[in-house]
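Spelled out from the first residue to the last, the chains are:
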Amino acid sequence: IDESKWMHDNSPPENGEEQDYVGPGRGTSRVADGSLALTARRSADGAVISARLTTLWRFNFTYGIVEARMRAPLVAGLWPAFWMLGTDLLDPNTGWPACGEIDVMEIFGTRRGAASCSTVHNSRHSWGTLDPLEGGCFALEEPEPAWHVWRLLWTPRRIAFFIDDGRTPIYSYSPAQRTAANFPYTRPQYLIANLAVGGDGPSQPVDFSALDPPGTTLFLDYVRVYALPDGLDELADMSWPNDVERPTLSMPSQPLPSPLQPLLPPPPPPQPLSPPTTTTGLAVDPASRLALGAVGGAVAALGALGYFARCRRRMRGYARAVDSDAAHEAARVAEP
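Note that the structure is predicted; figures quoted are calculated from it, not measured.

Draft legend 1. Geometry of the overall build of the protein. Counting its regular elements, the protein contains 2 helices and 16 strands. Split by element, the accessible area of the protein, about 13,400 Å² in all, is 54% carbon and sulfur.

Right, here's the structure in full:
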């Protein structure tokens, strides 16, 4: 794993979940057949363990097109997710849901059938406000888990979710009157990938037999982030524009300190970088957050992850997956 972009988030379980997130040394995150594998399983001592990765501080961005090719399990009680949170989650004056949450892919066990669902959360609409948005779901009709490409279109005025080659979104969100409460999606967000066990999302008994060795796995082939092509935000409809060639989109609007490397295969051990001048809250400037290396990032992460975990334990929201390329063509995480 490229630790300059990703880190393991081993926060305690929340939302009624039953797993413990652990690091790669226990076999819950690994490279398998050229893809990143996040596995939920029983350990030798009987504990339920899994993995969650985050790009907190390592890569944040505002607006763009996100693509993730994944193969997600369909098992009763398991909760695979690829999602995003605003970086001001860590600001005590903001927190969740005011920071904004974008759920690109969630599978709620089998509670909604064989379906992948997408939605957003904010101060106006969330489980915390008791007025959540319904979102949209896409039927996964294959008898066994299959590879799909989930896409997010995020502009200054709308958020839309697509799957595979679909041109019509499975769900779109664009309030007529955008406010800080209903559209906090004007500030940087980061990505998360995880495989939870149990909890409020599935709200059903867990099929614990699926956790017997070797366990059940969420596979990620690649994650890509593109800048918005010129004029995309001016489109009158929410359909994916036919004239946009996604692999050759324009440069990111936000300057990046250096070209971002693929997640896989693992890079050489990074050189320690000097820690940022300030390591509390959001006082770390964006350039420093993006440049954090294995040493500086780990030091800065320790205090904030505690607050991060406390915020999420207080919410009843969904527990929900970066790679970005600063060149004209986004880097591929791994070949299948």
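Draft legend 2. Summary view of the sheet that holds strand E9 (residues 101–106). Here 7 strands make up an open sheet; going across it, the order is E1-E6-E15-E8-E9-E10-E11 and the pairing antiparallel. Two strands in the sheet have a free side with no partner beyond their single neighbour: strand E1 (7–8) and strand E11 (136–139). As paired strands, strand E8 (residues 78–86) and strand E15 (residues 189–197) are joined by 9 bridges and run antiparallel to one another. Bridge pairing in E15 places Leu85 opposite Tyr190.

Draft legend 3. Representation of the nonpolar core in the model. Counting residues in each nonpolar core, the largest one holds 45 residues, and the members touching the most others are Phe82, Ile102 and Leu152. Other than its neighbours up to four places away in sequence, Leu152 contacts Gly64, Ile65, Val66, Met84, Ile102, Val104, Ile159, Ala160 and Phe161.

Draft legend 4. Inspection of the state of the cysteines at higher detail. Taken as a whole, this structure holds 1 disulfide when the rule is applied. Here Cys117 engages in a disulfide with Cys137; their sulfurs sit 2.0 Å apart. Judged by the torsion about the S-S bond (100°), the Cys117/Cys137 disulfide is right-handed. Here the residue Cys117 occupies a position in strand E10 (residues 115–121), and Cys137 occupies one in strand E11, the gap between them amounting to 20 residues. With relative accessibility at 38%, the residue Cys137 sits in the partly exposed group.

Draft legend 5. Up close: the pattern of salt bridges. For the coordinates displayed, the defined rule picks out 6 salt bridges. For Arg69, the salt bridge goes to Asp221, with nearest N and O atoms at 2.9 Å. Taken together, the residues span a long stretch of sequence, with Arg69 in strand E7 (residues 64–71) and Asp221 in strand E16 (residues 216–226) at a distance of 152 residues. For the residue pair Arg69 and Asp221, the accessibility class agrees, reading buried in each case.

Draft legend 6. Structural view of the packing of aromatic side chains. Within the structure shown, the criterion is met by 9 aromatic pairs. On the basis of an interplanar angle of 15° and a centroid distance of 6.3 Å, the ring pair of Phe161 and Tyr171 is categorised as stacked. Remark: Tyr171 occurs in strand E14 (residues 171–173) and Phe161 occurs in strand E13 (residues 159–163); sequence separation between them is 10 residues. Pair check on accessibility: Phe161 and Tyr171 agree, each one buried. Look at Tyr173 and Tyr185: their rings are 6.4 Å apart centre to centre, the planes differ by 90°, and that puts the pair in the edge-to-face class. Here Tyr173, found in strand E14, pairs with Tyr185, found in the loop between E14 and E15; they are 12 residues apart in sequence, far enough to count as distant. Given the relative accessible area of 6%, Tyr173 is considered buried. A connected cluster of aromatic rings, assembled from ring pairs, spans Phe59, Phe61, Tyr63 and Trp154.

Draft legend 7. Main features of the pairing of E7. Across the 8 residues that make up E7, a large majority, 7, are buried. With 8 bridges connecting them, E7 and strand E12 (residues 147–154) associate as antiparallel partners. Residue pairing for E12: Glu67 is matched across the bridge by Arg151. Pairing between E7 and E16: 7 bridges, direction antiparallel. Note that in E16 the partner of Ile65 across the bridge is Tyr226.

Draft legend 8. Summary view of the environment of Phe161. According to the relative accessible area criterion, Phe161 is buried, its value standing at 1%. Ignoring sequence-local partners within four residues, the contact set of Phe161 consists of Ile102, Asp103, Val104, Ser118, Thr119, Val120, Arg151, Leu152, Pro169, Ile170 and Tyr171.

Draft legend 9. Just the side chain of Ser4, in detail. Relative to the helices and strands, Ser4 is located in the segment before E1. Only 2.4 Å separates the side chain of Ser4 from the side chain of Lys5, close enough to count as a polar contact.

What counts and how
- Residues numbered from 1 in each chain as written.
- Predicted model: local features only at pLDDT ≥ 70, side-chain atom pairs only at ≥ 80, totals over all residues.
- Heavy atoms only, no water.
- Helix = DSSP H or I, 4+ residues; strand = E, 2+ residues; numbered from the N terminus.
- Areas by Shrake-Rupley, 256 points an atom, 1.4 Å probe, with all protein chains shown as cover.
- Pairing = 2+ DSSP bridges.
- Core = buried A, V, L, I, M, F, W, Y, C linked by side-chain atoms within 4.5 Å.
- Buried < 20%, exposed > 50% of the residue type's maximum accessible area, 1.4 Å probe, protein only.
- Contact = heavy atoms within 4.5 Å.
- Disulfide = S-S within 2.5 Å.
- Salt bridge = Lys/Arg side-chain N within 4 Å of Asp/Glu carboxyl O.
- Phe/Tyr/Trp six-rings, centres within 6.5 Å; stacked < 30°, edge-to-face > 60°.
- Polar contact = N/O pair within 3.5 Å; in protein donor to acceptor, adjacent residues only side chain to side chain.

Nothing here speaks to function; it is all geometry.
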